[in-house]
Amino acid sequence: MEQSWRQAKSIFGLLLSAPLFWLAFFFIVPMGIVWLYSFGENRGLVDIAFTGTWKNYARALEPLYLGIFVKSLYVAALTTFLCLVVGFPVALAITFAADKWKPWLLLLIMLPFWTNLLIRTYALIAVLRTEGYVNQTYEFLWNNAGGLMTLVGLAPLGEFQPLDLLHNNFAVIFGLVYVHLPFMILPLYSTLDRMDRSLLEASLDLGAGHLRTLWSIVVPMSAAGIASGILITFIPALGAYLTPDLLGGPESQMIANVIERQFKRANDWPFGAALSFLLVYLTFIGIAIQGMLDKQNRGRAA
């Protein structure tokens, strides 16, 4: 028995060695190099000296960049909140749907992952632009409503003015919700689907209404899914680059867009690396907070 266990461990270690090497060589080592850059200084167009300076981090806390960080945190938090508000009812509906419909509903949620983000973003531009589908529909309704008002003897509505839906903060938040909504729905559904439904029946039998049952039973039981959904939605939204770049205007840029400019246009890799690792540190803090909340929930359940 002991010999078979040792043989199994050796096979397991052999199978694990290849992915560990891949993870170390193509992820940990490059991240370590970027981390070293954050303590360096430019000594020319292509030369960077690793001096151990903290001035890049100090510069990242200047009012200009700190304001962009705060705005990025706000946009990511608002995106996460909207995804939770929209995603929770959707996940709940899938949970209580008939078994034959669940795979198809889940397929609809996962379909966006099969399409490149760039294509989806350009599709959203086609919907939101001045001559896009939203404004075309709005113009059709406006013109027909104006004609109807003329027929009944009222003053016409006037000249149609398209809605300004693109290259602003609204477009960025709308696009981020559109992109990250599946990240919220899937962990919520995974938690809700394992819920003990007898507790819901007991709550309703004891006189609690549907809303009270939802708030007092369903929400606490899905706390782990809510925490996971918030974490895996907030972190990618905070580091989003493509959506703000294509849908936002000059006042809608987020911290990832600033990082991109440091590496490409400004050629200031040490400062860009410092900004990047501030996001990494925030990610670690978020994971630690989720771990503490999970530990508290497990302690209450016990």
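Note that residues are indexed from 1 along each chain, following the sequence as it is written. Only residues with pLDDT of 70 or above have their local features reported here, since the model is predicted, and side-chain atom pairs are shown and tallied only from 80 upward, although totals for entire chains, interfaces and linings are computed over all residues. Each side-chain value is derived from all of the structure's non-hydrogen atoms; neither hydrogens nor water enter the calculation.

As recorded in an unreviewed UniProt entry, the chain goes by the name ABC transporter permease, listed as coming from Asticcacaulis machinosus. UniProt positions are given in the numbering used here, feature names are shortened, and annotations may be inferred rather than shown by experiment. The record in UniProt for the chain states the following under Subcellular location (unreviewed entry): "Cell membrane". The chain has a UniProt comment under Sequence similarities (unreviewed entry) that states "Belongs to the binding-protein-dependent transport system permease family. CysTW subfamily."

Focus: the overall build of the chain
Strands are runs of DSSP state E lasting at least 2 residues, helices are runs of H or I lasting at least 4, and numbering of each runs from the N terminus. Counting its secondary structure elements, the chain contains 13 helices and two strands. This radius of gyration counts C-alpha atoms alone. The globule rule is 2.2 Å times how many residues there are, raised to the power 0.38. The C-alpha atoms of the chain give a radius of gyration of 25 Å, which is well past the 19 Å a tight globule of 302 residues would have. Based on the C-alpha atoms only, the size of the chain along its principal axes is roughly 85 × 65 × 35 Å. Counting across all 302 residues of the chain, residues that qualify as buried make up 34%. Taking all contacts inside the chain whose residues are at least 6 apart in sequence as the whole, residues at least 24 apart take part in 66%. When charges are counted, Lys and Arg are positive and Asp and Glu negative, with His and the chain ends excluded. Working definition for charges: the position is that of NZ of Lys, CZ of Arg, CG of Asp or CD of Glu. Distance from the positive charge centre (19 side chains) to the negative charge centre (18 side chains) of the chain: 8 Å. Exposed residues in this analysis have more than 50% of their type's maximum accessible area, buried residues have under 20%, and partly exposed residues fall in between, with area computed by a 1.4 Å probe over protein chains only. Throughout, a contact is declared for two residues whenever any of their heavy atoms are within 4.5 Å.

Observations regarding the UniProt feature "transmembrane region" (unreviewed entry) in the chain
Here the UniProt feature "transmembrane region" (unreviewed entry) sits at residues 20–39, 73–98, 104–128, 170–192, 213–242 and 271–293. Counted over residues 20–39, helix gives 90% and strand 0%. Its end C-alpha atoms are 27 Å apart. End C-alpha to end C-alpha, residues 271–293 measures 33 Å, and it is 100% helix and 0% strand.

What to know about unusual backbone geometry
Its identity as a non-glycine residue notwithstanding, His167 has a phi of 60°, on the positive side. Owing to a relative accessible area of 49%, His167 belongs among the partly exposed residues under this scheme. You will see that Asn267, though not glycine, has its phi angle at about 55°, which is positive. Following the sequence through the fold, Asn267 ends up in the loop between helix 12 (255–264) and helix 13 (269–301). Taking the relative accessible area as the measure of exposure, Asn267 reaches 29% and is therefore partly exposed.

Thoughts on the packing of helix 3 (residues 63–95) against helix 10 (residues 223–238)
Lines fitted to C-alpha atoms define the axes here, with helix axes fitted over just the stretch in contact, and angles between the N-to-C directions of these axes take values from 0 to 180 degrees. At a minimum axis separation of 9 Å, helix 3 and helix 10 run at an interaxial angle of 140°. The angle between helix 3 and helix 10 places the two elements in the oblique class. Handedness of the crossing formed by helix 3 with helix 10: right-handed. Contacts from Ser72, Leu73, Ala76, Ala77, Thr79, Thr80, Cys83, Leu84 and Phe88 of helix 3 reach helix 10 at Ile226, Ile230, Thr233, Phe234, Ala237 and Leu238. All residues other than Ala, Val, Leu, Ile, Met, Phe, Trp, Tyr, Cys, Pro, Asp, Glu, Lys and Arg, Gly among them, are scored as polar; the first ten of these are nonpolar and the last four charged. Counted by class, the contact of helix 3 with helix 10 contains eleven nonpolar, four polar and no charged residues. When describing relative orientation, an angle under 35 degrees is termed roughly parallel and one over 145 degrees roughly antiparallel, while 65 to 115 degrees is termed roughly perpendicular and anything else oblique. Two helices cross in a left-handed way if the nearer one is turned anticlockwise from the farther one by less than a right angle. They cross in a right-handed way if the turn is clockwise.

What about the packing of aromatic side chains?
Paired rings are identified among Phe, Tyr and Trp, the last through its six-membered ring, by centres lying within 6.5 Å, and are further divided according to the angle between planes into stacked (under 30 degrees), edge-to-face (over 60) and tilted (the rest). Under the counting rule described, the total for this entry stands at 18 aromatic pairs. Ring geometry for Tyr65 and Phe271: centres 4.8 Å apart, planes at 70°, overall edge-to-face. One end of the pair, Tyr65, is in helix 3; the other, Phe271, is in helix 13, and 206 residues separate them in sequence. We note that Tyr65, like Phe271, is buried.

Examining helix 3
The length a helix should cover is 1.5 Å for every residue beyond the first. Over its 33 residues, helix 3 runs 46 Å from end to end, which matches the ideal 48 Å to within 8%, given 1.5 Å per residue. Note on bend: at a given residue it equals the angle between the axes fitted to the 7 residues ending there and to the 7 starting there. Gly87 marks where helix 3 bends most, by close to 30°; the proline Pro89 follows one to four residues later.

Regarding the pattern of salt bridges
Only one rule defines a salt bridge in this text: a Lys or Arg side-chain nitrogen within 4 Å of an Asp or Glu carboxyl oxygen. Summed over all chains, the structure comprises four salt bridges. Close ionic contact of Arg43 with Glu41 constitutes a salt bridge, the shortest N to O distance being 3.8 Å. Between Asp193 and Lys102 there is a salt bridge, and its shortest N-O distance comes to 3.1 Å. Taken together, the residues Asp193 in the loop between helix 7 (169–192) and helix 8 (197–205) and Lys102 in helix 4 (residues 102–110) connect sequence positions 91 residues apart. According to the relative accessible area criterion, Asp193 is partly exposed, its value standing at 32%.

Re the nonpolar core
For soluble globular proteins, nonpolar side chains are generally found buried alongside one another. Side-chain atoms within 4.5 Å are what join buried Ala, Val, Leu, Ile, Met, Phe, Trp, Tyr and Cys residues into a set we call a nonpolar core. Within the largest apolar cluster, 24 residues are counted, with the highest numbers of intra-cluster contacts made by Phe88, Leu192 and Val218. Setting aside residues up to four positions removed in sequence, Leu192 forms contacts with Phe88, Ala91, Leu92, Thr95, Val218 and Ser222. Judged by nonpolar contacts, the second largest core, of 19 residues, contains Ala60, Ile68, Ala237 and Phe271.

Overview of the layout of surface pockets
Both site types are read off a 1 Å grid over the protein atoms alone. A 1.4 Å probe that fits but cannot get out defines a cavity, while an open set with protein on both sides within 12 Å along at least five of seven lines defines a pocket; lining residues have an atom within 4 Å of a point. Grid points are joined across faces, edges and corners, and a volume is the space filled by probe spheres set on the points. By volume, the largest pocket is sized at about 350 Å³. Counting only elements with at least two residues in the lining of the largest pocket, the list comes to helix 10 and helix 13. For the lining of the largest pocket, a count of residues per class yields 13 nonpolar, four polar and no charged.

Section: the environment of Arg129
When you line up the elements, Arg129 lands in the loop between helix 5 (117–128) and helix 6 (133–151). Since its relative accessible area comes to 40%, Arg129 is described here as partly exposed. On a C-alpha basis, the gap between Arg129 and Glu139 in space is 13 Å, while along the polypeptide they are ten residues apart. What Arg129 contacts, discounting residues up to four positions off in sequence, is Asn135 and Leu166.

Comments concerning the side chain of Gln262
Examined against the element boundaries, Gln262 turns out to sit in helix 12. Overall, the relative accessible area of 7% leaves Gln262 in the buried class. With residues up to four places along the chain from it excluded, the contact list for Gln262 reads Arg59, Tyr65, Asn267, Asp268, Trp269, Phe271, Gly272 and Leu275.

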